[in-house]
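# Structural overview for review
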Amino acid sequence: QVQLVESGGGSVQPGGSLRLSCTASGSGFNNYDVGWYRQAPGKQREFVVNITHGGGTNYADFVKGRFTISRDNIKNTVYLQMNRLKPEDTAVYYCNAALYGNSRYTYWGQGTQVTVSS
């Protein structure tokens, strides 16, 4: 079973920055599409951004121009650079990995808390 571990969350002021990391166990990471989702208290989990096994990216409108996703397949890690953070970005951020061509192999991390406040 693939395990995902998120890190890099914390508390920052509006306009600040954080870099989240999602590291996967095992081999074959280059065959997975990886995405970030977030969930605020009382709200459903929502899509933030993903990066495909081929390196293509898709961003939710509310983070375009502020967040950047990247991946390092040698390190089995996906990064999410978050700049110009807003209070409404406050949420638990979850990493998701899905094996390309086989939806049976889909995994979630435990999440990392991001808090943006004055």
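All of these numbers come straight from a predicted model, not from anything done at the bench.

To continue, consider the overall build of the protein chain. The number of helices and strands found in the protein chain is zero helices and eleven strands. Put simply, the protein chain runs from its N terminus to its C terminus through helices and strands in the order β-β-β-β-β-β-β-β-β-β-β. Taking 118 residues into account, the globule formula puts the C-alpha radius of gyration at 13 Å, and the protein chain, at 14 Å, falls close to it. Projected onto its principal axes, the C-alpha coordinates of the protein chain cover approximately 40 × 25 × 25 Å. In the protein chain, buried positions account for 39% of the 118 residues. Within the protein chain, contacts between residues separated by at least 24 positions form 54% of all contacts whose residues are at least 6 apart in sequence.

Our next topic: the pattern of salt bridges. Using the criterion set out here, one finds four salt bridges in the structure. Notably, a salt bridge pairs Asp89 with Arg38, separated by 2.9 Å at the nearest N-O pair. Taken together, the positions of Asp89 in the loop between β8 (77-82) and β9 (91-99) and Arg38 in strand β4 (residues 32-39) put the pair 51 residues apart, joining distant regions of the chain. Neither Asp89 nor Arg38 differs from the other in exposure class; each is buried. A salt bridge links Lys64 to Asp61, with the nearest nitrogen and oxygen atoms 3.1 Å apart. For the residue pair Lys64 and Asp61, the accessibility class agrees, reading exposed in each case. Linked through salt bridges whose partners overlap, the residues forming this network are Arg38, Glu46, Arg66 and Asp89.

Membership of the largest hydrophobic core comes to 30 residues, with the highest contact counts inside it found for Leu4, Val34, Trp36, Phe67, Leu80, Met82 and Tyr93. Among the secondary structure elements, those contributing two or more residues to this core are β3 (18-24), β4, β5 (46-51), β7 (67-72), β8, β9 and β11 (112-116). When residues no more than four places from it in sequence are discounted, the contact partners of Tyr93 are Glu6, Leu20, Trp36, Tyr37, Arg38, Val48, Phe67, Leu80, Met82, Gly111, Thr112 and Val114.

Bringing the packing of aromatic side chains into the picture now. Within this structure, the stated rule accounts for three aromatic pairs. Each member of the aromatic cluster is reached from another via a ring pair, and the members are Tyr37, Phe47 and Trp108. Directly above the ring of Tyr94 sits Arg45, whose terminal nitrogen or CZ lies 3.7 Å from the centroid. Taking NZ or CZ as reference, Arg71 lies 4.8 Å from the ring centre of Phe29, over its face.

Parameters at a glance
Residues numbered from 1 in each chain as written. Predicted model: local features only at pLDDT ≥ 70, side-chain atom pairs only at ≥ 80, totals over all residues. Heavy atoms only, no water. Helix = DSSP H or I, 4+ residues; strand = E, 2+ residues; numbered from the N terminus. Rg over C-alpha atoms; globule rule 2.2 N^0.38 Å. Buried < 20%, exposed > 50% of the residue type's maximum accessible area, 1.4 Å probe, protein only. Contact = heavy atoms within 4.5 Å. Salt bridge = Lys/Arg side-chain N within 4 Å of Asp/Glu carboxyl O. Core = buried A, V, L, I, M, F, W, Y, C linked by side-chain atoms within 4.5 Å. Phe/Tyr/Trp six-rings, centres within 6.5 Å; stacked < 30°, edge-to-face > 60°. Lys NZ or Arg CZ within 6 Å of the ring centre and 35° of its normal.

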